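# Breakdown of the fold
Listed below, chain by chain, are the residues.
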Amino acid sequence: MDNRPIGIFDSGLGGLTAVKEILSILPQEDIVYFGDTGRVPYGTRSRETILKYAKQDMAFLQSKNVKMIIAACGTVSSVAGHMGDTLPVPFTGVLKPTALAACLATQNKRIGVIGTTATVKSGAYQKAILEIDADIQVFAQDCPLFVPLVENGFTSPDSDIVLSVLRHYLQPFAKAEIDTLILGCTHYPILYRAIEKVMGKGVFLVDSGRETAVYAADILEKNGLLSGRAQKGRCTFYVSDSTEGFAEAANIFLQQNVQQTVELIDIEAFSQTHYVN
Ligand code: DGL
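Now for a description of the structure that goes with this document.

## Some details on the site of the ligand
Around the ligand, the surrounding shell holds 14 residues, and the nearest of these are Ser11, Tyr42, Gly43, Gly74 and Thr75. Here an oxygen atom of the ligand and a side-chain polar atom of Thr75 are 2.6 Å apart. Out of a free accessible area of 300 Å², the ligand has 99% covered by protein chains. Most atoms of the ligand, that is more than half of them, are within 2 Å of grid points of the largest cavity.

Structure follows, in structure tokens:
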């Protein structure tokens, strides 16, 4: 048993979709979440920058005495996931659990992947899927307008704006005849119902937040790290830009009111004083 918190990070709000799933599977766990809201988005940045940010984010969470680190960010998981192997605590990104779930779900061995430009360009999802089953065909598409849609509250499956952006990016999948689509960015589950409407019920959507939560719970259990607490845990959120409005936004992403505190952290200053470059 271990009552230390689980550390979770993302470039911004998207990782809260994974927090929501963890809260439902492991309600007794404390969570320390870092949302790098001052430097979001990561998905349009270079590999070097994403590596640097991921290293700083992981170092910050380690300073909070966490028992596990989860990169709840498709971009970090794809580009910098290997950095988790050097941590002194268990680590998972969203890539492996999501790729595994998609491979188990597909019947016709045709899987689509959507994510940020950096995620798709890295080829990491394609590689992970082919390592599991070399007979699977993977069709990947970056959707750079999805994150701004979500961050600006355009998520309704009845909105013409949402549907027209989604159709623009998802149209190529119609020809590909996929039966499974990976939502490879943690912002995308917020668009779940709209994506489902555009893709049709015949395509199974894999939510990276949910799959990662199940996977992380399994790691904690196998390592004897589950909390022994009987009551609900609490969430501490750190953000690198204004805390104003964060609690409200968090509750929209989490779809519930959680016991929480929100604090501002200067991640650049933290990295300098802790010699993380
Ligand atoms: N949540 C991030 C991801 O999963 C997307 C946002 C960004 O571009 O930083 O990739």
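## Quick word on the packing of helix α8 (residues 160–170) against helix α10 (residues 192–199)
Contact pair α8 / α10: the axes reach a minimum separation of 10 Å and the direction vectors enclose 60 degrees. Classed by the angle they form, the pair α8 and α10 counts as oblique. As α8 runs across α10, the sense of the crossing is right-handed. Residues Val162, Leu163, Leu166, Arg167 and Leu170 of α8 form the contact with α10, whose own contacting residues are Ala194, Ile195, Lys197, Val198 and Met199. By residue class, the composition of the contact of α8 with α10 is 8 nonpolar, no polar and 2 charged.

## A few points about the sheet that holds strand β1 (residues 6–10)
With respect to topology, 6 strands assemble into an open sheet ordered β4-β3-β1-β2-β9-β10, the strand pairing being parallel. Looking at strand neighbours, the two that pair on one side only are β4 (91–93) and β10 (260–264), the edges of this open sheet. In this sheet, neighbouring strand axes are inclined to one another by 15 degrees on average, regardless of whether the strands run parallel or antiparallel. Summarising the sheet, strand β9 (residues 235–239) and β10 pair through 5 bridges and their orientation is parallel.

## Looking at the nonpolar core
Ranked by internal contacts, the top residues of the largest apolar core, which has 53 residues, are Leu16, Ile114, Phe146, Leu181 and Ile195. Phe34, Ile50, Tyr53 and Ala71 belong to the second-largest nonpolar core, a separate cluster that totals 29 residues.

## Re the layout of surface pockets
Of the volumes computed, that of the largest pocket is approximately 580 Å³. Lining the largest pocket are 29 residues, with Ser77, Ser78, Gly81, His82 and Leu95 positioned closest to its centre. If you list the elements that add at least two residues to the lining of the largest pocket, you get α2 (47–62), α3 (74–80), β4, α4 (95–105), α5 (117–122), α6 (124–132) and α11 (208–222). Its residues assigned to classes, the lining of the largest pocket comprises 12 nonpolar, 12 polar and 5 charged. In this model, the second largest pocket occupies a volume close to 290 Å³. Along its surface, the second largest pocket is lined by 15 residues, and Lys20, Pro189, Ile190, Tyr192 and Gln255 are the ones closest to its centre. Going through the elements one at a time, α1 (16–25), α10 and α12 (246–254) are the ones with two or more residues in the lining of the second largest pocket. No other element matches the 3 residues that α1 contributes to the lining of the second largest pocket. Each residue belonging to the lining of the second largest pocket can be placed in one class, and the counts come to 7 nonpolar, 3 polar and 5 charged.

## Details of the pattern of salt bridges
Within this structure, the stated rule accounts for 14 salt bridges. Here Glu21 makes a salt bridge to Arg210, at a shortest N to O gap of 3.8 Å. With a gap of 189 residues between them, Glu21 in helix α1 and Arg210 in helix α11 connect regions that are remote in the sequence. For Glu21, a relative accessible area of 9% translates into the label buried. Note that Lys67 and Glu29 form a salt bridge whose closest N and O atoms lie 2.6 Å from each other. Of this pair, Lys67 sits in the loop between α2 and β3 (68–71) while Glu29 sits in the loop between α1 and β2 (31–35), placing them 38 residues apart in sequence. The burial state of Lys67 is the same as that of Glu29; both residues are buried. Here the residues in one salt-bridge network are Lys20, Glu21, Asp207 and Arg210, joined through shared partners.

The rules we used
- All chains use their own residue numbering, which begins from 1 and follows the written sequence.
- Where totals are concerned, whole chains, interfaces and linings use all residues; where local detail is concerned, this predicted model gives features only for residues with pLDDT of at least 70, and gives and counts side-chain atom pairs only at 80 or more.
- Excluding hydrogens and water, the side-chain values take into account all heavy atoms of the structure.
- Only a single heavy atom is needed: when it lies within 4 Å of a molecule or strand, its residue is near that molecule or strand.
- Counting of polar contacts relies on pairs of N or O atoms within 3.5 Å, with two restrictions inside protein: one atom must be capable of donating a hydrogen and the other of accepting it, and residues adjacent in sequence are counted only when both atoms are side-chain atoms.
- All accessibility values rest on the Shrake-Rupley procedure with a 1.4 Å probe; residue burial counts only the protein chains present in the view.
- Grid spacing is 1 Å over the protein atoms alone, the probe is 1.4 Å, and a cavity is where that probe fits but cannot get out, while a pocket is an open set with protein on both sides within 12 Å along at least five of seven lines and lining residues have an atom within 4 Å of a point.
- Think of it this way: a molecule belongs to a cavity or pocket when more than half its atoms come within 2 Å of the grid points there.
- Axis geometry follows a simple rule: fit a line to the C-alpha atoms, using only the stretch in contact for helices, then measure angles between N-to-C directions, giving values from 0 to 180 degrees.
- Per the convention used, a helix needs a DSSP run of H or I reaching at least four residues, while a strand needs a run of E reaching at least two, with both numbered from the N terminus.
- Here the angle decides the label: under 35 degrees means roughly parallel, over 145 means roughly antiparallel, 65 to 115 means roughly perpendicular, and every other value means oblique.
- The sense of a crossing depends on the near helix, which, turned anticlockwise from the far helix by less than a right angle, makes the crossing left-handed and, turned clockwise, makes it right-handed.
- For this analysis, residues touch if any pair of their heavy atoms sits within 4.5 Å.
- Residue type decides the class: Asp, Glu, Lys and Arg count as charged, Ala, Val, Leu, Ile, Met, Phe, Trp, Tyr, Cys and Pro as nonpolar, and the leftover types, Gly among them, as polar.
- Two strands make a pair as long as DSSP finds a minimum of two bridges between them.
- Here, the term nonpolar core denotes a set of buried Ala, Val, Leu, Ile, Met, Phe, Trp, Tyr and Cys residues that are joined through side-chain atoms within 4.5 Å.
- Here the term buried applies to any residue with accessible area under 20% of the maximum for its type, exposed to any over 50%, and partly exposed to those in between, with areas from a 1.4 Å probe on protein chains only.
- Grid points are joined across faces, edges and corners, and a volume is the space filled by probe spheres set on the points.
- Salt bridge criterion: a side-chain nitrogen from Lys or Arg within 4 Å of a carboxyl oxygen from Asp or Glu.

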